[in-house]
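Chain by chain, the residues run as shown.
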There are 2 protein chains.
Amino acid sequence: MLNFDFYSPVRLVFGRGSEAQIGELMKPLAKKVLLHYGGGSIKKNGLYDTVTASLKKNGVEFTELGGVKPNPRLSLVHEGIALCKKENVDLILAVGGGSTIDSAKAIAMGVYYDGDIWDVYEQKSPVDKALPVATILTIPAAGSESSGDTVITNEEKLLKYGYGSPHLRPVLSIMNPELFFTLPKEQLAYGVADMISHVFERYFTNTKNTDLTDGLCEVTLKTLIKNALIANKDMDDYNAWSELGFSGTVAHNGLLGMGREQDWACHEMEHELSAIYDVAHGAGLAVLTPGWMKYVYKENMNMFVQFAVNVMGVEGSYRDPESIILEGIARLREFFGKLGLPATLSGLGIGEDRLEEMAKKATHFAFGNEKPLGGLKKLYWQDVLEIYKLVK
Amino acid sequence: MLNFDFYSPVRLVFGRGSEAQIGELMKPLAKKVLLHYGGGSIKKNGLYDTVTASLKKNGVEFTELGGVKPNPRLSLVHEGIALCKKENVDLILAVGGGSTIDSAKAIAMGVYYDGDIWDVYEQKSPVDKALPVATILTIPAAGSESSGDTVITNEEKLLKYGYGSPHLRPVLSIMNPELFFTLPKEQLAYGVADMISHVFERYFTNTKNTDLTDGLCEVTLKTLIKNALIANKDMDDYNAWSELGFSGTVAHNGLLGMGREQDWACHEMEHELSAIYDVAHGAGLAVLTPGWMKYVYKENMNMFVQFAVNVMGVEGSYRDPESIILEGIARLREFFGKLGLPATLSGLGIGEDRLEEMAKKATHFAFGNEKPLGGLKKLYWQDVLEIYKLVK
């Protein structure tokens, strides 16, 4: 186990009706809130009314900015920063999924940042201050409600970059699984693929002596897989959504990766797909992950046997580890298929013409300072290209 | 799953050499620290010197109060409160095990409390303010480094009561597993029994649809059991102590109990033993827990089958659940035996003469307002007496 520093001060208020507490919970935290949301579904399903009524009842003023799109755009972030400054906002309340929360975090940093906040995503300048962010989650997927991470798409440059800081952990996240009932079925699939990937990125490691976190990862994966299939059959199953939502938060608050070298190659490879083709992040991950597994498993066969046996329930002769591993990968792929997720880049509508460009961007080779991806196996642009081709 | 509210803002700095960071970590948090510790082992093993040198180097002033005993005493708490007021202390740094940390929390509350802080433990008055507490853990056991709980013994009244508040969560806990190498072997056993019990108290529940937390509990239990046996054979095994220490923190930061009705009967029954006979808390738990299991398992056979199979690895015919359950309990008892823990009250030096008195105190029957213990099965004083007798 490696040395670590864990700090996750996000208060999680969970359960039926919890969103109606928002005003009461905001009152000690903020005088004026920016209510940040997406395409307006919260106005149709009544959530907007519940939230604004609760804020008003508790005397919390608010201004609002909707219009966050999946793969949230830098231009709206700029708009939000200007609005917060003009209106003297002291907390940003993101009501939505990961895109809305990530956009809120970018705005929260931008209010205190002297310059274009995109600099921070390009690692040109760190931030040491941000407005507090609170969330009411409407899509369990990105884990942004518990993490200090944000991913923003620069639509002019066709770049999708992430940034992480302890200052970006939400102070409060509210999660009512009932709010997930009305999601389109593909959002379940995308969300589950993303949550599973958040565990994978921490789970697949060469670090030894990690009993507790190995087990925590495996349990979270099994809970996600089991309950995804239940929710896929009945989108109104409160218990299944509860497990998915809670697991998604645990998957990404950092705990499962403590004391382990982490990977994150699949996430970085996927960001290139989303940035250029605007595909759903979870769909991209579902395509890439089995390909990545096939490409890297020989680097650490024992780790992949453990995955196949402990998570995917593969039985067989340990004297033939490769067959166990390949069966584990096949079962994962089969699971994604049951949720309706594509298996190939062409299934995502992505051709072969820009694979090399994406591989070179993902590894920063294109920018003249190649940084290989991954922890379990270091991936250079040629490796990334091979993985893209494996799942073309 | 039940609704819940989870908030665990304890920063955990973990690993080799981490205690040497204390001064740097304290600097932004405090000008004057009360260094609180136990019987002086930290002076023999060099920890005291490391800590004070680091505080001095970083310009953090400190005053000190040693002498905390196992089952920490109210009289020393009173002394600490007076000292903190006199010296204008603004943070209490507990260097020790659960007793030292619990004592520090009592002092932290007492500084702001107008009256005898024992009132709070008697539930006469809640507290809404406390000095911040930081910890350097020297014994993985009580989980007090991650919890908002404190247990104090009133040595005049022979009462041992607990109190919990979000204000009592440490702001920072430092854990270097190397500091555990020099513990006496029985401290390993007591600590493991306590950590396991913290999971059990959350695990055994009648709440349904708790996939994630069931699994998190089971993984934590299996990690504790496996690594306790390794450390028992080699007290210098860094990896085993790492797993035990990290598991102990996860066991008691609240996460594993979220969304579930919890139990806590064994802890409350044990507090009576410690209060009167001053036995080690973990030893008392190791005696009582298998007795409690035998007394209550018929209340929820499926829960105990799950424990036997998923945690203790029992195989057998599910058509005979009782034999699976009893084998699970027997294996737990066998595990405690391997660590050298006693199986009976007489093994703890406790006779039969005060069992009824303890049963009546544990349930508050003795104080005229009986409150049954437990969640899985409500236990009245007669039930508690039966359990004491089962393990006499």
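Source: prediction; values computed, not measured.

Peer 1: How do you make sense of the interface of chain B and chain A when you look at a structure like this?
Peer 2: Often, the extent of an interface is quoted as the loss of accessible area upon association of its parts. Listed as interface residues are 37 residues of chain B and, on the opposing side, 37 residues of chain A. Here chain B meets chain A over a buried area of about 3,300 Å², counting both sides, of which 59% is carbon and sulfur. When residues of chain B are sorted by the area they lose upon contact with chain A, Met1, Leu212 and Phe246 of chain B head the list and together hold 20% of the total. Between chain B and chain A we count 4 salt bridges in total. Note that Arg11 of chain B is salt-bridged to Asp5 of chain A, the shortest N-O span being 2.5 Å. Our count for the chain B to chain A interface comes out at 19 residue pairs in polar contact (both at pLDDT 80 or more). Counting residues per element, the ones that place at least two in the side of chain B that touches chain A are strand E1 (4-6), strand E2 (11-14), helix H8 (211-233) and helix H9 (238-252) of chain B. Residue contributions to the side of chain B that touches chain A peak at 10 residues, all from H8 of chain B. Across 3 bridges, the pairing between strand E2 (residues 11-14) of chain A and E1 of chain B is antiparallel. Pairing of Val13 of chain A across the sheet is with Asp5 of chain B, part of E1 of chain B.

Peer 1: Help me understand the pattern of salt bridges, please; the structure alone is not making it clear to me.
Peer 2: Once their charged atoms are close, side chains differing in charge can pair, the charge on each being opposite to the other. All names here are of chain A. On inspection of all chains with the given rule, the structure shows 36 salt bridges over all chains. When the shortest N-O distance is used, the salt bridge between Lys32 and Glu87 registers 2.8 Å. Pair noted here: Lys32 is in strand E3 (residues 32-37) and Glu87 is in helix H4 (residues 74-87), with a separation of 55 residues, a long-range link. For Lys43, the salt bridge is made with Glu64, and the minimal N-O distance between the two is 3.8 Å. Residue Lys43 is found in helix H2 (residues 41-44), and its partner Glu64 is found in strand E4 (residues 61-65); the two are separated by 21 residues along the sequence. Judged by its relative accessible area of 45%, Lys43 is partly exposed.

Peer 1: In this structure, what is going on with the relation of the copies chain B and chain A? I would like to understand it.
Peer 2: Between the two copies of this chain, the relationship is a rotation about some axis together with a displacement along it. Between the two copies, chain B and chain A, the superposition gives an RMSD of 0.0 Å; the rotation angle is 180 degrees and the shift along the axis is 0.0 Å. Those values place the two copies in the arrangement expected of a two-fold rotation axis. For chain B, the residue whose C-alpha comes nearest the rotation axis is Pro9 of chain B, separated from it by 2.0 Å. Same-surface contact between copies: 100% of interface residues of chain B are shared with the interface of chain A.

Rules used in this analysis
Residues numbered from 1 in each chain as written. Chains lettered and ligands numbered in written order. Predicted model: local features only at pLDDT ≥ 70, side-chain atom pairs only at ≥ 80, totals over all residues. Heavy atoms only, no water. Contact = heavy atoms within 4.5 Å. Buried area = accessible area lost by both parts, 1.4 Å probe. Salt bridge = Lys/Arg side-chain N within 4 Å of Asp/Glu carboxyl O. Polar contact = N/O pair within 3.5 Å; in protein donor to acceptor, adjacent residues only side chain to side chain. Helix = DSSP H or I, 4+ residues; strand = E, 2+ residues; numbered from the N terminus. Pairing = 2+ DSSP bridges. Buried < 20%, exposed > 50% of the residue type's maximum accessible area, 1.4 Å probe, protein only. Least-squares fit on C-alpha atoms with pLDDT ≥ 70 in both.

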